[in-house]
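Coordinate analysis (summary)
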Amino acid sequence: MKVVVCIGSSFHLKGSHQVVSCIKRLIDENNISDKIELSGSFCFGQCQNDVCVSIDGVIHSVKPEDAPEFFKHEILEKLA
């Protein structure tokens, strides 16, 4: 699974660092680093949204406080 978080300046202000940190921590806690490629990118063209996270090309809008729940439903459950 390829997970890409937009880290452009607009999303930096919206909490992209917190989203990346949360996803990375949860990947480690669930021992699934061999199943996920986590990276950052600039400009998904969605700056009006919350932090953009692409999972295998599908873009999601994520608030930092919602990142754990997002991880559970959009990453962990899809790997099961």
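Placed above this text is the structure.
For the structure given in this document, a descriptive report is provided here. These numbers were taken from a predicted model, which means no experiment stands behind them.

A few words now on the overall build of the protein. For the protein, the count of helices and strands is 3 helices and 4 strands. The C-alpha atoms of the protein give a radius of gyration of 11 Å, which matches the 12 Å a tight globule of 80 residues would have. A principal-axis box enclosing the C-alpha atoms of the protein has dimensions of 30 × 20 × 15 Å. Looking at the protein as a whole, 32% of its 80 residues qualify as buried. Taking all contacts inside the protein whose residues are at least 6 apart in sequence as the whole, residues at least 24 apart take part in 69%. Working note: accessible area of the protein is about 4700 Å², and carbon and sulfur atoms make up 50% of it. Computed over 8 positive and 11 negative side-chain charges, the inter-centroid distance for the protein is 2 Å.

Leave glycine aside and you will find that most residues have negative phi; peptide bonds, for their part, are mostly trans. Of note in the backbone geometry, Asn-31 takes a positive phi value of approximately 50 degrees without being a glycine. Locating Asn-31 in the fold gives a position in the loop between α2 (16-29) and β2 (37-41). The backbone phi angle of Asp-56 is positive, close to 50 degrees, even though this residue is not glycine. Take Asp-56: it is sitting in the loop between β3 (51-55) and β4 (58-62).

This brings us to the pattern of salt bridges. By the definition in use, this model includes 2 salt bridges. A salt bridge links Glu-29 to Arg-25, with the nearest nitrogen and oxygen atoms 3.0 Å apart. One end of the pair is Glu-29 and the other is Arg-25, both in helix α2 and 4 residues apart, which spans about a single turn.

Counting residues in hydrophobic clusters, the biggest one holds 20 residues, and the most contacted among them are Val-19, Ile-23, Val-53, Phe-71 and Ile-75. Broken down by secondary-structure element, the contributors of at least two residues to this core are β1 (2-6), α2, β3 and α3 (67-79). In terms of residues, this core owes the most to one element, α2, which gives 5 residues. Not counting the four nearest positions on each side in its chain, Ile-75 is found in contact with Met-1, Val-3, Ile-23, Ile-36, Ile-55 and Phe-70.

Right, let's get into the sheet that holds β4. If you walk across this open sheet you meet the 4 strands as β2-β1-β3-β4, and the pairing is mixed. The sheet is open, and its two edges are formed by β2 and β4, each paired on a single side. Strand-to-strand twist of the sheet, defined as the mean angle between neighbouring strand axes without regard to direction, takes the value 25 degrees. Relative to β3, β1 runs antiparallel, the two being bridged by 3 bridges. Across the sheet, residue Val-4 finds its bridge partner in β3, namely Ser-54.

Procedures and definitions
- Residues numbered from 1 in each chain as written.
- Predicted model: local features only at pLDDT ≥ 70, side-chain atom pairs only at ≥ 80, totals over all residues.
- Heavy atoms only, no water.
- Helix = DSSP H or I, 4+ residues; strand = E, 2+ residues; numbered from the N terminus.
- Rg over C-alpha atoms; globule rule 2.2 N^0.38 Å.
- Buried < 20%, exposed > 50% of the residue type's maximum accessible area, 1.4 Å probe, protein only.
- Contact = heavy atoms within 4.5 Å.
- Areas by Shrake-Rupley, 256 points an atom, 1.4 Å probe, with all protein chains shown as cover.
- Lys, Arg positive; Asp, Glu negative; His and termini not counted.
- Charge placed at Lys NZ, Arg CZ, Asp CG, Glu CD.
- Salt bridge = Lys/Arg side-chain N within 4 Å of Asp/Glu carboxyl O.
- Core = buried A, V, L, I, M, F, W, Y, C linked by side-chain atoms within 4.5 Å.
- Pairing = 2+ DSSP bridges.
- Axes fitted to C-alpha atoms, helices over the stretch in contact; angles between N-to-C directions.

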